[in-house]
Amino acid sequence: MPTYNNAGTVADVVRRVLALIPDVIVVNDGSTDDTLLRLEGLPITLVSYEANKGKGGALREGLLKARSLGFTNAITLDSDGQHFPEDLPLFFDALAADPDALIVGSRNLNADGMPAGNTFANKFSNFWFDIQTLRRLPDTQTGFRAYPISKLPCLKLLTARYESELELLVLSAWKGVKLVPVPIRVDYPEDRVTHFHPVKDFARISLLNTVLCLLALVYGYPRMALSKIFGI
């Protein structure tokens, strides 16, 4: 669970996760508020550093920590309260059926309360994801996912900010990882603290999509074709 200045929600989310699963890794991504104080006494594995690395950097640190602890799969969710930890059993069931798959939580993009900027950015990314991977997912921007750690592409190449989650999806698809969507609930309370910047982060996502489209021509499509023909 990456967190950055979500002191008002992080402890509640952690407690609700702990009610369903005992192993929780929280990555404190350079928070400057009371996040660390709110986490004191909770039975978690804490990764913490002073300089903010961005969501991509925090995800990388968390996944690498899970790998070092011997875990084969890791479920990620946001600490701002938008995700319902009570939906975790949906991921448990999906993992039981496909332990090597990347399970992707899928929000209802037309639901009441969904920020208009988020909806547009998601549909935009969904369109380009279809082009880049020849696969379709209903939600390519959600942070509620279950990753097969050993099947992931090189985490050292991961971009640093919000675009990293799209990058992981595309590179995993090119590598032949099965992608499985599961429906999840989402909540956007008025007091939610978000660090998504519509202009800057959308620009980063757009730039990444441009790069990925070019890479799809020279690497992604050939890699997927070889995988389909030879199973590699």
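Given the structure is predicted, the values throughout are model-derived calculations rather than measurements.

S.K.: Just checking my understanding: could you explain the sheet that holds strand 2 (residues 25–29) for this structure?
M.R.: Pairing between the strands of a sheet is mediated by backbone hydrogen bonds and can be parallel or antiparallel. Read from one edge of the open sheet, 3 strands run 1-2-3, paired in parallel fashion. Each of the sheet's edge strands pairs with one partner strand only, and the pair in question is strand 1 (2–3) and strand 3 (45–49). Summarising the sheet, strand 2 and strand 3 pair through 5 bridges and their orientation is parallel. Residue pairing across strands places Ile25 opposite Thr45, the latter belonging to strand 3. The strands that helix 3 (residues 54–68) touches are strand 1, strand 2 and strand 3; relative to strand 2, the one it contacts most, it runs at about 145°.

S.K.: Can you walk me through the sheet that holds strand 4 (residues 73–76) in this structure?
M.R.: Strand order in this open sheet of 4 strands is 4-6-5-7, and the pairing throughout is mixed. Edge positions in the sheet fall to strand 4 and strand 7 (179–183), since each has one partner strand and no second. Pairs of neighbouring strands in the sheet enclose a mean axial angle of 20°, with direction left out of account. Direction of pairing for strand 5 (residues 102–106) relative to strand 7: parallel, over a ladder of 5 bridges.

S.K.: Please clarify how unusual backbone geometry should be interpreted in this entry.
M.R.: Residues apart from glycine generally show negative phi values, whereas peptide bonds are mostly found in trans. Positive phi, close to 55°, is recorded for Asn5, a residue that is not glycine. Of note in this structure, Leu134 is not a glycine but carries a positive phi near 60°. One can find Leu134 in the loop between helix 5 (116–133) and strand 6 (145–148).

S.K.: Hey, could you run me through the nonpolar core in this one?
M.R.: For soluble globular proteins, the rule of thumb is that nonpolar side chains tend to be buried together. In terms of nonpolar packing, the biggest core is built from 29 residues, with Leu63, Leu102, Phe129, Leu152, Leu169 and Leu179 touching the most fellow members. Those elements that provide at least two residues to this core are strand 2, strand 3, helix 3, strand 5, helix 6 (164–174) and helix 7 (198–230). Looking at this core, the element that brings in the most residues is helix 6, giving 6 residues. What Leu102 contacts, discounting residues up to four positions off in sequence, is Arg145, Ala146, Tyr147, Pro148, Leu152, Leu169, Ser172, Val177, Lys178, Leu179 and Val180. Formed by 23 residues, the second largest nonpolar core is a distinct cluster that contains Val10, Val24, Leu77 and Val180.

S.K.: Would you take a moment to explain helix 1 (residues 10–18) for this structure?
M.R.: A turn of α-helix holds 3.6 residues, and therefore any two residues three or four places apart point the same way. Of the positions making up helix 1, those classed as buried are Val10, Ala11, Val13, Val14 and Val17. Taken end-on, helix 1 shows its buried residues confined to a sector of 160°, consistent with a single buried face. Summarising the contacts, the buried residues of helix 1 are in contact with strand 1, strand 2, helix 2 (35–39) and helix 4 (88–97).

S.K.: Help me out: how do you make sense of the side chain of Asn5 in this one?
M.R.: Of note, Asn5 is situated in the loop between strand 1 and helix 1. Judged by its relative accessible area of 17%, Asn5 falls in the buried class.

S.K.: Can you walk me through the environment of Val14 in this structure?
M.R.: Among the structural elements, Val14 can be located in helix 1. Given the relative accessible area of 0%, Val14 is considered buried. Distance in space between the C-alpha atoms of Val14 and Pro85 is 8.6 Å, their sequence separation being 71 residues. For Val14, the residues in contact, after removing those within four places along its chain, are Met1, Val26, Leu39, Leu42 and Ile44.

S.K.: Could you clarify how one ought to interpret the side chain of Thr140 in this entry?
M.R.: Within the secondary structure, Thr140 is located in the loop between helix 5 and strand 6. Only 2.7 Å separates the side chain of Thr140 from the side chain of Asn126, close enough to count as a polar contact.

S.K.: Would you take a moment to explain the packing of aromatic side chains for this structure?
M.R.: Centre distance and the angle of the planes are the two values used to describe a pair of aromatic rings. For the coordinates displayed, the defined rule picks out 4 aromatic pairs. Pairing Phe91 with Phe144 gives two aromatic rings, centres 4.4 Å apart and planes at 25°, and the pair type is stacked. Taken together, the residues span a long stretch of sequence, with Phe91 in helix 4 and Phe144 in the loop between helix 5 and strand 6 at a distance of 53 residues. The class of Phe91 is buried, set by a relative accessible area of 0%. The buried category is assigned to Phe144, whose relative accessible area is 0%. Here the aromatic rings of Trp174 and Tyr219 are separated by 5.9 Å at their centres, their planes lie at 70°, and the arrangement is edge-to-face. You can see Trp174 sitting in helix 6 and its partner Tyr219 sitting in helix 7, a full 45 residues away along the chain. Accessibility expressed as a relative area gives 1% for Trp174, which makes it buried. Over the aromatic face of Tyr49 sits the side chain of Lys53, whose NZ or CZ is 4.4 Å from the ring centroid. The ring of Phe84 carries the charged tip of Arg185 above its face, separated from the ring centre by 4.4 Å.

Rules behind the numbers
- Residues numbered from 1 in each chain as written.
- Predicted model: local features only at pLDDT ≥ 70, side-chain atom pairs only at ≥ 80, totals over all residues.
- Heavy atoms only, no water.
- Pairing = 2+ DSSP bridges.
- Helix = DSSP H or I, 4+ residues; strand = E, 2+ residues; numbered from the N terminus.
- Contact = heavy atoms within 4.5 Å.
- Axes fitted to C-alpha atoms, helices over the stretch in contact; angles between N-to-C directions.
- Core = buried A, V, L, I, M, F, W, Y, C linked by side-chain atoms within 4.5 Å.
- Buried < 20%, exposed > 50% of the residue type's maximum accessible area, 1.4 Å probe, protein only.
- Arc of directions from axis to C-beta.
- Polar contact = N/O pair within 3.5 Å; in protein donor to acceptor, adjacent residues only side chain to side chain.
- Phe/Tyr/Trp six-rings, centres within 6.5 Å; stacked < 30°, edge-to-face > 60°.
- Lys NZ or Arg CZ within 6 Å of the ring centre and 35° of its normal.

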